[in-house]
Amino acid sequence: MAASSNSSLSGSSVSSDAEEYQPPIWKSYLYQLQQEAPRPKRIICPGEVENRPKYYGREFHGIISREQADELLGGVEGAYILRESQRQPGCYTLALRFGNQTLNYRLFYDGKHFVGEKRFESIHDLVTDGLITLYIETKASEYISKMTTNPIYEHIGYATLLREKVSRRLSRSKNESRKTSVANEEHTAVEKISSLVRRAALTHNDNHFNYEKTHNFKVHTFRGPHWCEYCANFMWGLIAQGVRCSDCGLNVHKQCSKHVPNDCQPDLKRIKKVYCCDLTTLVKAHNTQRPMVVDICIREIEARGLKSEGLYRVSGFTEHIEDVKMAFDRDGEKADISANIYPDINIITGALKLYFRDLPIPVITYDTYPKFIEAAKISNADERLEAVHEVLMLLPPAHYETLRYLMIHLKKVTLNEKDNFMNAENLGIVFGPTLMRSPEDSTLTTLQDMRYQKLIVQILIENEDVLF
């Protein structure tokens, strides 16, 4: 399969018919090299070796020198043996023949075999992967160093029809009355495209809120041949060939992941829960300005709870709050938290506070936390307000928008103080530790900062019209 020029990937050259959509043509050079790599050749020890570790087979030759290992390998490419070190008894070495020389690697076992980061079920797989890596890095070192210079990622094309279909599907269209046949057709079209095309389609969706989000890359083992969706080159090796974004499914080489822009568009089917999910990830997955939990809970509270005595201070039943959490995790925006199901408004306020407490990164992020605390310590009120405003500008957009919306709501709560007895200071006591957590896991620091946390939230509520 030959490498494709960028022009062949442009939208104009792709049919507008989803059924005729052609994916990008991947570059197969590295795949061909993997096929050419030497195959492992196990050199078996003719006799039984005493004290052979139970996790090694007959390729283990006991305590022998490097020179003896080199002789046993006989100059055969891909040949390998295992030996115990003469200098360090109890330490084991993989002797492998490659490139007309014998390479010796310190070998480890912790339930799996490894010489570096990758861990293998068998020595055979370890050697196979090692030979592939050695061969490709020897033959194509210059090619690999230049892989990221002209990425397919920036030039990917997709059918106009597909783009419209994916945008409608992922922008939470209100038109729920489409015929089943059309829905099935769209599902088929979406399934046919890669995460890369999906990202491009979402990028062109005007309704999609443009919050920047880094990809959540994790090392991944791909079954069967896979190609990098950044550089279009084959991802070589047997295991851990590259990384996959847990949120959007983008598959790239580990070295390519350093060049991918912060444009992750989370796929809703990959987001397993609502609570405990990163805030920006959740809003991008649901295509909303703020977490829908915040919108739905606040809407319910303002509809029937603003005059409730001790609002946010009084706790609801823990079991019922957990039920609300499970409802959001299970049903998302369709969760029913109406008075018919939860007549006690304190259950809804408890669920909202729990959502904020469960965030892996608080609304007021760990990065900005010390700056907010320092701002709270300024004695001059005007200077303090200016400092708080400057730190607010450092919050990620989704965090800023969520905080802004919450403060507008809490200001409404204080306007009903004569009924609910909740002023800005009281709400600061409740929401300080809920919205702010010290990056230092120290009880002493937490106790010392509590009055500043309260003050920050109080300032945000009282000055929401000026600060946001």
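Residues numbered from 1 in each chain as written. Predicted model: local features only at pLDDT ≥ 70, side-chain atom pairs only at ≥ 80, totals over all residues. Heavy atoms only, no water.

- The name given to the chain in an unreviewed UniProt entry is Chimaerin, with Panthera leo as the source organism.
- Turning to the chain, the UniProt record has this under Subcellular location (unreviewed entry): "Membrane".
- Entered under Function (unreviewed entry) in the UniProt record, the comment concerning the chain runs "GTPase-activating protein for p21-rac." (UniProt positions renumbered as here; feature names shortened; annotations may be inferred.)

**Here's the deal with the overall build of the chain**
Logical step 1: Secondary structure summary: the chain contains 19 helices and nine strands in total.
Logical step 2: Across the chain, the fraction of contacts at a sequence separation of at least 24, relative to all contacts at a separation of at least 6, is 65%.
Logical step 3: Accessible surface computed for the chain: about 23,500 Å², of which carbon and sulfur atoms make up 49%. (Helix = DSSP H or I, 4+ residues; strand = E, 2+ residues; numbered from the N terminus. Contact = heavy atoms within 4.5 Å. Areas by Shrake-Rupley, 256 points an atom, 1.4 Å probe, with all protein chains shown as cover.)

**Some details on the environment of Ile-144**
Logical step 1: Within the secondary structure, Ile-144 is located in helix α4 (residues 141–145).
Logical step 2: On the basis of relative accessible area, Ile-144 is assigned to the buried category, the value being 15%.
Logical step 3: Separated by 114 residues in the primary sequence, Ile-144 and Leu-30 have C-alpha atoms spaced 9.0 Å apart. (Buried < 20%, exposed > 50% of the residue type's maximum accessible area, 1.4 Å probe, protein only.)

**Structural notes on the pairing of strand β8 (residues 242–245)**
Logical step 1: Inspection of the sheet shows strand β7 (residues 217–220) paired to β8 by four bridges, in the antiparallel sense. Paired with Val-219 across the two strands is Val-243, which belongs to β8.
Logical step 2: Bridge count between β8 and strand β9 (residues 251–252): two bridges; the pairing is antiparallel. From the neighbouring strand, Arg-244 faces β9, where its bridge partner is Asn-251. (Pairing = 2+ DSSP bridges.)

**Here's the deal with the packing of aromatic side chains**
Logical step 1: Under the counting rule described, the total for this entry stands at 15 aromatic pairs.
Logical step 2: Ring geometry for Tyr-31 and Phe-234: centres 5.0 Å apart, planes at 75°, overall edge-to-face. One end of the pair, Tyr-31, is in helix α1 (residues 29–36); the other, Phe-234, is in the loop between β7 and β8, and 203 residues separate them in sequence.
Logical step 3: Judged by its relative accessible area of 3%, Phe-234 falls in the buried class.
Logical step 4: Taking 6.0 Å as the distance between ring centres and 20° as the angle between the ring planes, the aromatic pair formed by Tyr-56 and Phe-60 counts as stacked.
Logical step 5: It is Arg-119 that lies over the ring of Phe-114; its NZ or CZ is 3.8 Å from the centre. (Phe/Tyr/Trp six-rings, centres within 6.5 Å; stacked < 30°, edge-to-face > 60°. Lys NZ or Arg CZ within 6 Å of the ring centre and 35° of its normal.)

**Quick notes on the packing of helix α13 (residues 369–376) against helix α18 (residues 443–462)**
Logical step 1: Their axes nearest at 9 Å, the elements α13 and α18 cross at an angle of 85°. In terms of their interaxial angle, α13 and α18 are classed as roughly perpendicular. Taking contact as the criterion, the partners of Tyr-369, Phe-372, Ile-373 and Ala-376 in α13 are, on α18, Asp-449, Tyr-452, Gln-453, Leu-455 and Ile-456. (Axes fitted to C-alpha atoms, helices over the stretch in contact; angles between N-to-C directions. Parallel < 35°, antiparallel > 145°, perpendicular 65-115°, else oblique.)

**Let's talk about the sheet that holds β8**
Whether parallel or antiparallel, the strands of a sheet pair through hydrogen bonds between backbone atoms.
Logical step 1: Taken in spatial order, the three strands line up as β7-β8-β9 in an open sheet, and their pairing is antiparallel. Taken across any chain shown, the strands that pair with only one partner, and hence form the sheet edges, are β7 and β9.

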